[in-house]
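# Survey of secondary and tertiary structure
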Amino acid sequence: MSMTPGPADRPDYLDGSGPAQRAPDNDNKKRLIAVGAIVAGGAVIAGGAWAATSFFATGAQPAEALPAATVAYVSVDLDPSGGQKIEAIKTLRKFPGFTDEVDLQADEDLRERLFEEVTSSGECKGLDYASDVEPWLGSRAAMAVVDLGEDEPTPVGVIQTTDGGQAEEGLATLIETCGGPAGEGEADESGSDVGGWVVEGDWIVLAETKDIAQQVVDAADGSTLAADSAFQEWTGEAGDDGFVSMYVGKGVTKYVEDLAGAGMLGMPGSMLAPAPDAMGSFDEECLENAAPADVEVCFESSSDDTTSEPTQEVPEELQQMINDFDGAAATVRFDDGAVEVEYAMSDYNQDMTRYMTSEEGVDMISALPEDTVAAFGFALEEGWAQAMLDYVKTLAPDESASIDDQLAQFEQETGLAFPEDVETLLGDGVTVSMGSGLDPDAVANGGPGEVPAGIRIKGDAQEIQAVLDKISAQAGPEAAELLQVTEGDGYAVLALQDDYRSALEGAGSLGDSATYSGVVEADEAQSVLFVNFNADDDWLVRLAGDMPEVSENLEPLAALGISGWVDDEVVHGLVKLTTD
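Residues numbered from 1 in each chain as written. Predicted model: local features only at pLDDT ≥ 70, side-chain atom pairs only at ≥ 80, totals over all residues. Heavy atoms only, no water.

If you tally the helices and strands in the protein, you get 23 helices and 16 strands. Within the protein, the proportion of its 580 residues that are buried is 47%. Sequence-distant contacts in the protein: of pairs separated by 6 or more residues, those separated by 24 or more amount to 71%. About 27900 Å² of surface is accessible on the protein, with carbon and sulfur atoms providing 49% of the total. (Helix = DSSP H or I, 4+ residues; strand = E, 2+ residues; numbered from the N terminus. Buried < 20%, exposed > 50% of the residue type's maximum accessible area, 1.4 Å probe, protein only. Contact = heavy atoms within 4.5 Å. Areas by Shrake-Rupley, 256 points an atom, 1.4 Å probe, with all protein chains shown as cover.)

Set out below in structure tokens:
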């Protein structure tokens, strides 16, 4: 779930210090971008080539320099402990594309490599890493969004420093060398031309102005994010530390609620969005001719437009979801040749997730054939279809009667009964899978019947067939041939290929394979997506065989697993990708 407020992507709105602070002009914005990229690039390129080799080491973290009022946070470490760093580089060096473009060694200083990349364009000619940057630049950095009591949250950066005194001089040198006019930056108390910073202990806090940076430092005095109980709870739920850590606090709901009042988080075209005439006018000709950076100007209201943008009442169900959101966190890490993304968030929609707690679908995946190429399994508790319909109606209360009318017409035209027939089709658990033997040429010549794909349903085969017959009557005879159910090992089976149908009718042992258990959280999961890249003679590599540069980078992949579960009002997820 991404709850980071949109303003974090818009540096122009951040003048929290009042009219006396003028925003940077375009040239100085470019200089600020170059400076920020050098000292904080790793924090905003999470998952990029440089940050991708990083882990969190023990020790101080950027959360110690931020206030408890931080509503969103992303941190990265560019020089992790040796063992973790080696593991990451060993994994990444299996991919030719990585070694060709990056070719990192385990003993390299990732900060220096990032510096070289950022300055390669010549923006900072004459700047020397060893003398101007290395003496003061630390290993850890973060980007954060902080609630300073304004109408919009304030984005800031945090950089670790090994020497506060040299950091002041080093930042001034960066600004001057990277194109800033002489005297700007190091002597400008406001920092209004190129951004501002405050050095506090082992940390540099950066913001649009020095005044804003100081407000963040003052807010963190005695009440840090690192010491906040909610931060500790959610980052703990997300598991062991990795090279990137992310956190979203309950405080973000203050801003989400404002956006929701503007119409489904301000998204045009949604059910809850304001009508077009309520969203403000724009200049079509301007929009057609504007450069990407100037598009926003085309949406500005005319000087004589005195009307205010109306807000809509937030639907009760959406408001309840906003109120029930308590926080979320995620971490990205390498472990034994695999990359993992683990996340946890508060279960803010329990009216729906309570229908998703059965493990039946995951148990069914475990009983698929061992040579399964890919599978998805889940289960929904009885009553889920009506609950889903009720949920949609609460989000769009004005459309409730229309939804009922459309549903009644659908039932009359198809003979299907809602929700009974829909729940019958999905039974007590479902798997959708593909087996070995996929031959693109055979599929091209023979049609769908050559695809080794099928569905298993935990339910009464005759009742399921009765529902499918209603669908066949509408779809025609060709579809009817594909919608024939057979029964095997307690499941109703549908399959495109006869041989694969036979395989699904019997019992399998996928759950016992090391490949499956290596990527799936089988003891916890209530839904699972599994892909075995090594199955069927490296099927994905075969499919990309006529593209050597692609296939050679697919070859190291072993398996992918995505596990999801709800436990004690917390929604958990684990994405794991292993390599050979």
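Back to the write-up after that little detour.
Attention now moves to the packing of aromatic side chains. Inspection of the entire model under this criterion finds eight aromatic pairs. Where Phe 115 meets Tyr 129, the ring centres are 5.4 Å apart and the plane angle is 50 degrees; that geometry is what we call tilted. Here the residue Phe 115 occupies a position in helix 4 (residues 110-119), and Tyr 129 occupies one in helix 5 (residues 129-133), the gap between them amounting to 14 residues. Just as Phe 115 is buried, Tyr 129 falls in that class too. (Phe/Tyr/Trp six-rings, centres within 6.5 Å; stacked < 30°, edge-to-face > 60°.)

For the bond from Phe 418 to Pro 419, the omega torsion is 10 degrees, close enough to zero to count as cis. Summarising the element assignment, Pro 419 is placed in the loop between helix 15 (400-414) and helix 16 (420-426). In the Ramachandran plot, Asp 489 falls in the positive-phi region, its phi being about 55 degrees despite a non-glycine side chain. Along the chain, the position of Asp 489 falls in the loop between strand 12 (486-488) and strand 13 (491-495). In this structure, Asp 568 is a non-glycine residue whose phi angle is positive, near 50 degrees. Within the secondary structure, Asp 568 sits in the loop between strand 15 (557-567) and strand 16 (570-579). A relative accessible area of 68% means that Asp 568 is categorised as exposed.

This paragraph deals with the nonpolar core. In terms of nonpolar packing, the biggest core is built from 26 residues, with Leu 66, Tyr 73, Val 156 and Leu 225 touching the most fellow members. Contributing elements (two or more residues each) for this core: strand 2 (137-146), strand 3 (154-161), strand 5 (203-207), helix 7 (210-220) and helix 8 (229-237). For this core, the element with the most residues is helix 7, which contributes four residues. When near neighbours in sequence (up to four residues on either side) are disregarded, Leu 225 contacts Ala 63, Leu 66, Pro 67, Ala 68, Thr 70, Tyr 73, Phe 231 and Tyr 247. (Core = buried A, V, L, I, M, F, W, Y, C linked by side-chain atoms within 4.5 Å.)

Time to look at the environment of Glu 555. Checked against the element boundaries, Glu 555 lands in the loop between helix 23 (548-554) and strand 15. When its relative accessible area of 47% is taken as the criterion, Glu 555 is described as partly exposed. Taking the C-alpha atoms as reference points, Glu 555 and Phe 533, separated by 22 residues in sequence, lie 8.3 Å from one another. If near-sequence neighbours (up to four positions away) are discounted, Glu 555 is found in contact with Val 541 and Asp 580.

Turning our attention to the environment of Asp 536. Residue position: Asp 536 is located in helix 22 (residues 535-543). Judged by relative accessible area, which is 18%, Asp 536 ranks as buried. In this structure, the C-alpha to C-alpha distance between Asp 536 and Val 373, residues 163 residues apart in sequence, is 7.0 Å. At 2.9 Å, the side chain of Asp 536 and the backbone nitrogen of Gly 437 are in polar contact. Among the polar contacts listed, one links the side chain of Asp 536 to the backbone nitrogen of Leu 438, at a separation of 3.2 Å. (Polar contact = N/O pair within 3.5 Å; in protein donor to acceptor, adjacent residues only side chain to side chain.)

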